[in-house]
Amino acid sequence: MTEVIEALVGLQSIDDEIREFKTQRDELAANLMTLKKILAGMDAELGEKREKLSEANRFYAEQQEELRADGERMSRVKQKLTAVTRTKEYAAAQRELDSIRKKYGEDEAELKRLGEAMEEYKSSIATQEAKLSELQGEVDQEEASNADRLAQLTSQIDAVADRRGALSSKVDARTMKRYERVLAGRDGRAVVPAKGGKCTGCQMKLPPQTFILVQRGNTLESCNNCQRFLYFEAVEVEAAEA
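Presented here is an overview of the structure given in this document. (Residues numbered from 1 in each chain as written. Predicted model: local features only at pLDDT ≥ 70, side-chain atom pairs only at ≥ 80, totals over all residues. Heavy atoms only, no water.)

### Things to note about the nonpolar core
- Leu8, Leu11, Val171, Tyr179, Ala190 and Val191 are the most contacted members of the largest nonpolar core, which totals 21 residues.
- Put simply, the parts of the chain that give this core at least two residues each are α1 (3–83), α2 (87–168), α3 (173–185) and β4 (229–232).
- Looking at this core element by element, the count peaks at 8 residues for α1.
- Once residues within four sequence positions are removed from consideration, Leu11 is found in contact with Arg164, Leu167, Ser168, Val171, Met176 and Tyr179. (Core = buried A, V, L, I, M, F, W, Y, C linked by side-chain atoms within 4.5 Å. Buried < 20%, exposed > 50% of the residue type's maximum accessible area, 1.4 Å probe, protein only. Helix = DSSP H or I, 4+ residues; strand = E, 2+ residues; numbered from the N terminus. Contact = heavy atoms within 4.5 Å.)

### Some thoughts on the packing of aromatic side chains
- In the structure shown here, the tally under the stated rule is 1 aromatic pair.
- Ring geometry for Phe211 versus Phe232: centroids 5.9 Å apart, planes at 65°, classification edge-to-face. Of this pair, Phe211 sits in helix α4 (residues 208–216) while Phe232 sits in strand β4, placing them 21 residues apart in sequence.
- You can call Phe232 partly exposed: its relative accessible area is 31%. (Phe/Tyr/Trp six-rings, centres within 6.5 Å; stacked < 30°, edge-to-face > 60°.)

### Here we look at the packing of α1 against α3
- Two elements in contact, α1 and α3, have axes whose closest approach is 12 Å; the angle formed by their N-to-C orientations is 40°. α3 is crossed by α1, and the crossing has right-handed handedness. Contacts between α1 and α3 pair Leu8, Leu11, Gln12 and Asp15 from the former with Thr175, Met176, Tyr179 and Leu183 from the latter. (Axes fitted to C-alpha atoms, helices over the stretch in contact; angles between N-to-C directions. Left-handed = near helix turned anticlockwise from the far one by under 90°.)

### Observations concerning the environment of Gly201
- Looking at the secondary structure, you find Gly201 in the loop between β2 (198–199) and α4.
- Linking Gly201 and Gln227, residues 26 residues apart in sequence, is a C-alpha distance of 9.4 Å.
- Contacts of Gly201, omitting those with residues within four sequence positions, involve Val192 and Arg228.

### Quick notes on the pattern of salt bridges
- In this structure the tally under the stated criterion is 18 salt bridges.
- When the shortest N-O distance is used, the salt bridge between Arg189 and Asp16 registers 2.6 Å. Here Arg189 is found in the loop between α3 and β1 (191–195), whereas its partner Asp16 is found in helix α1, with 173 residues between them in sequence.
- You can call Asp16 partly exposed: its relative accessible area is 23%.
- Between Lys103 and Asp107 there is a salt bridge; the shortest N-O distance is 2.8 Å. Here the residue Lys103 and the residue Asp107 both occupy positions in helix α2, the gap between them amounting to 4 residues, near one helical turn.
- Look at Asp107 and you get partly exposed, because its relative accessible area is 22%. (Salt bridge = Lys/Arg side-chain N within 4 Å of Asp/Glu carboxyl O.)

Encoded structure:
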């Protein structure tokens, strides 16, 4: 095997390492991003609930004030009744009192239901706040853990990239450019073994003469179908059972 073929095989191995490290790094980043999106969604939902509760509190306060005003009106009408001497005026005041009492009772009952509903809503918000706090702790912990692992992966990628640079210097610029092009266009596999007369990259059968040249390893050969560089790898044959 020529030095160029050996260098290309080495480059492929290094690029496989880099791809694996980058995949791990991207997965860590994606998982953290997913957690942060969930956290942001929960926080936004909680914000909406808090705003609704604030509106409910304002409405509750308005209804309390209206109920208080009705209570004062009822007191005034009661006082008026004690001072009325004419039957017609008394009947009118009594009707007014009955009307206020009815409205007061209905409003009081409605206010009670609203207060109970608000308490349940507050409890729901408190539960979600606890869940959000717990998730925030998990995200913080995951981010801290990921930061260490990401730094480690970045260091590993840099170290492997240095080895890649050393090997790249053994390959001429034209071949290196072709290698990079095939690497990008063939799912990160630019150099593959030829086994049993086939290219293991695309599984196409190689012309006999090409396979012979690959076996000899004196020239740089590639697959006519997928353009990947080829090197020879013998097919392992299991020993027949006695």
